[in-house]
Amino acid sequence: MVAFLIRRLIQAFIVMFVVSLIGFAIQSSLGDPLRELVGQSVSEQQRETLRDEMGLNDPFFTQYLRFGEKVLKGDLGTSYFFKQPALEVILNKLPATLELVFGAVMIISIFSIPLGVYTAIRPYNWVSRLVMGFSLIGISVPVFLTGILLTYLFAVELSWLPSFGRGETVVLFGSWETGYFTRDGLLHLLLPCITLASIMLPLFIRLIRAEMMEVLSLDYVKFAKSKGLSPLRIWLVHGLKNTMLPIITVGGMQIGTMVAYTIVTETIFQWPGMGFLFLEAVNRVDTPLIVAYLIVVGAIFVITNTLVDLIYGLVNPTVKLARQ
Amino acid sequence: MNNAELNPIKDRSMVESAVVGNKGVLRAQLIDGFKRDKFIIFCFSLLLVYLLASLFAPVIAPFNPYDLSQVDILDAELPPLWEEGGDPRFLLGTDAQGRDMFSTILYGTRISLLIGVGAVLLQTLLGVAIGLTAGYFGGKVDSLLMRIADIQLSFSTLMVAIIAAAVFRAAFGEELYGELAVVILILVIGTVEWPQFARTVRASVLAEKQKEYVEAARVMGFGSSRIMWRHILPNTLSPLLVIFTLQIANAIIAEASLSFLGLGMPVSEPSLGALISSGFEYIFSESWWIAVIPGVVLVLLILVINLLGDWLRDMLNPKFYRM
């Protein structure tokens, strides 16, 4: 176990190192920090002295070390546009993105488990065929199109739901603004969360169905049946329990995809989260903000993946920890 | 290169006969299954229509959407023919710049398919080379390559593609990026998705490596690269075909998503995704067709490819026959 833990941590460390290296490479090749600071008005000679003073003429590796040291201290540079520390700008937008992801995960869990289990128990019934057909269509509709169609239907044609922004929010625990406690905030959450969920929901229905069907064909389920246990108990207690383990791992791994799709969803609904901020930063060539986003998102990926792996290793006794 | 090249007849007749036999059976099964399934014939015909339409777009299209002299801003936002106010010149209406939607969609499909197929060809090349190497040599090479594949996959390919495209765009500026967009999109989408292929090829290679014909080829003194590419690879083709099909759908979705975010094709040379993106703001002024019609065209294309891929997987999966 300890060896597995150490190996996993080393891997996480290497990945973060590579991410920071890429971040630094972007920073040093995109835009000129000097021009952002002093503008065009300074003479060539003054420029050179300033470059020397700022260490911009140092070798790549020396500059990287300086960058790495700052990153470890939590200093990811200052956003050109906001004139504030980039990390602070991003962390201010984090709650909005997390609430969006939370809502989507809720929708996915509420719908995918019953539908997946049902289609596995009754694979040839017409309801199952309908669900599977819809899930294939769901996979084939790109997220941004789902968002556009939902906006057109519910916001433009029917005008039931708002089409952009977070609506009314209340402050929680000092700094966390939440939309979950006001009616307006919840209405604003609905379309973006459904849109974000739309990409994963069909995937999870199919996954749960496949796993469940495999579990139900195993000997211990047949044994439980021949013991005379009620079908409901076999499905929900014996079957579902063993189905969920791989599902949770896959789910944890999908956090990355989820973050990627928050960029798309936030752009459609002008949701003031990290993804929308990132695209704005790209359009403004706000290099420190781009790099800070890269490092924050990289850290989120690495932490969740490492945790999921470790939990899986702990929970599933069949994983041979030593040899991994 | 090696002594195998000196002895081609022996090589083909003895070792590769197994491959040919296998392929023949496979082809017969596929054709047989195809003839029996009307729905799949329909999907395939639809895909053929898409391919022909994009191949002959310049011939079919009544207007050239790239030619500014044929575009009149006074024709902007005309609805499709069947709606009130439709203009008989424009079957599917016009977009906000007065371009004929039908022609723009034809050209857009062409670009979407070009990028999709190009990116997947690149993925195949990278994935097959890496997967073959990992599977054939095993050991440290294998675990290193597969670890990299795991990590790359855990980062979500769309995320990596967005960041790569964003960096390119910020570095080149909007105008230059627009000119190079097709190449950049093929490169970005082609590079980030290689682990899918690499994993599949590796798994098949591990299974094939145990078989006697590989042993025979090795005994005959063939070099590793010849055994890998000429002997093992042909036997891993059926899972590759499935992934190849499904990945084209994914690549088209990725391209459309990037274009929607403004990181893909420019408005002057739109793919289906860029068309939908530029039509998005007009759905608020009731001009729904600018975004919705290309959207339907895109979804139908992806759906058809996904259905064909699923069908291929069911046909080629041995589990299916047991049931």
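Throughout, residues of each chain are indexed from 1 in the direction in which the sequence is written. Throughout, the order in which chains and ligands are written sets their labels, letters from A for the former and numbers from 1 for the latter. Local features in a predicted model are, by the rule used here, given only for residues with pLDDT of at least 70; side-chain atom pairs are given and counted only at 80 or more, and totals for whole chains, interfaces and linings are based on all residues. Computation of side-chain values: all heavy atoms of the structure, hydrogens and water removed.

J.: Can you help me understand the overall build of chain A in this one?
T.: Under the DSSP-based scheme used, a helix requires at least four consecutive residues in state H or I and a strand at least two consecutive residues in state E, with every element numbered from the N terminus. Scanning chain A for helices and strands turns up 13 helices and two strands. Counting only C-alpha atoms, chain A reaches 90 × 60 × 40 Å along its principal axes. Exposure classes here rest on a 1.4 Å probe applied to the protein chains alone. A residue is buried below 20% of its type maximum, exposed above 50%, and partly exposed in between. Evaluated residue by residue, chain A yields a buried proportion of 46% over its 324 residues. We call two residues in contact whenever any of their non-hydrogen atoms come within 4.5 Å of each other. In chain A, once contacts between residues fewer than 6 apart in sequence are set aside, the share between residues at least 24 apart is 71%. For chain A, the computed accessible surface area is about 16800 Å², with 67% contributed by carbon and sulfur atoms. Averaging the coordinates of the 24 positive side-chain charges in chain A and doing the same for the 22 negative ones gives two points 17 Å apart. Here the accessible surface of atoms and residues is derived via Shrake-Rupley with a 1.4 Å probe, and residues count as covered only by protein chains that are part of the display. The positive count covers Lys and Arg only, the negative count covers Asp and Glu only, and His and the chain ends enter neither. Charge coordinates come from a single atom per side chain, which is NZ of Lys, CZ of Arg, CG of Asp or CD of Glu.

J.: Quick question: what am I supposed to make of unusual backbone geometry here?
T.: Trans peptide bonds make up the majority, and among non-glycine residues the majority have a negative phi. Positioned with a positive phi, K83(A) is a non-glycine residue whose angle comes to about 55 degrees. Structurally, K83(A) can be placed in the loop between α4 (60-72) and α5 (86-121).

J.: What exactly am I supposed to notice about the interface of chain A and chain B here?
T.: A common way to state how big an interface is: give the accessible area lost once the parts meet. Of the residues lining the interface, 44 residues belong to chain A; the matching set on chain B comes to 38 residues. A simple way to read buried area is as the amount of 1.4 Å-probe accessible surface that goes missing from two parts once joined, with both sides added. Of the roughly 3500 Å² buried where chain A meets chain B, counting both sides, 78% is carbon and sulfur surface. Think of a salt bridge as a Lys or Arg side-chain nitrogen and an Asp or Glu carboxyl oxygen that are within 4 Å of each other. Here chain A and chain B share one salt bridge between them. Residues D310(B) and R206(A) are paired through a salt bridge, measuring 3.7 Å at the closest nitrogen-oxygen approach. For the side of chain A that touches chain B, the leading source of residues is helix α11 (residues 255-269) of chain A, giving nine residues. Ten residue types, Ala, Val, Leu, Ile, Met, Phe, Trp, Tyr, Cys and Pro, are classed as nonpolar, four, Asp, Glu, Lys and Arg, as charged, and the remainder, Gly among them, as polar. Partitioning the side of chain A that touches chain B into residue classes produces 32 nonpolar, 10 polar and two charged.

J.: I'm lost on the confidence of the model for chain B in this one. Help?
T.: Detailed conclusions should not be drawn from predicted coordinates in areas where pLDDT is low. Residues and elements named next belong to chain B. Looking at any residue, its pLDDT shows the predictor's confidence there, from 0 to 100. Confidence along chain B averages 80 in pLDDT terms, with 89% of residues attaining 70 or more. Taken together, the stretch residues 1-21 has pLDDT below 50 and engages in 24 contacts with residues farther than four places along the chain or on a different chain. When the criterion is pLDDT under 50, residues 319-323 qualifies, and its contacts beyond four places in sequence or with other chains add up to four contacts. Predicted complex, confidence summary: ipTM 0.81, pTM 0.83.

J.: Sorry, what's going on with the pattern of salt bridges here?
T.: For side chains of opposite charge, pairing can occur when their charged atoms come near one another. Applying the stated criterion across every chain, the model contains 10 salt bridges over all chains. The network of salt bridges with common partners includes R206(A), D310(B) and R313(B).

J.: Just to check I follow, could you spell out the side chain of S204(B) for this structure?
T.: Here S204(B) is to be found in helix α9 (residues 194-209). In this structure, S204(B) is in contact with T236(B) and P239(B), ignoring residues within four places of it in sequence.

J.: I'm lost on a negative patch on the surface in this one. Help?
T.: A cluster of acidic side chains, namely E44(A), E48(A), D52(A) and E53(A), defines a negative patch on the protein surface. Within the secondary structure, D52(A) is located in helix α3 (residues 44-54). Patch definition: residues with relative accessible area over 30% and no salt bridge; like charges joined within 9 Å; nonpolar side chains (Val, Leu, Ile, Met, Phe, Trp, Tyr) joined within 5 Å.

J.: I'm lost on the packing of helix α7 (residues 157-172) of chain B against helix α12 (residues 237-260) of chain B in this one. Help?
T.: Each packed pair of helices is defined by two parameters, the angle between the axes and the distance between the axes. All names here are of chain B. α12 packs onto α7 with a crossing angle of 45 degrees between their chain directions and a minimal axis gap of 11 Å. With respect to α12, the axis of α7 lies oblique. When you trace α7 past α12, the crossing you get is right-handed. Counting all contacts with α7, which are made through L158, A161, I162 and A165, the residues of α12 involved are A254, S257 and L258. In terms of residue class, the contact of α7 with α12 is made up of six nonpolar, one polar and no charged. Simply put, an axis is a line fit to the C-alpha atoms, just over the touching stretch for a helix, and the angle between two N-to-C directions goes from 0 to 180 degrees. Should an angle fall under 35 degrees it is called roughly parallel, over 145 degrees roughly antiparallel, and 65 to 115 degrees roughly perpendicular, with every other angle called oblique. Here a crossing is called left-handed whenever its near helix is offset anticlockwise from the far helix by less than a right angle, and right-handed whenever the offset is clockwise.

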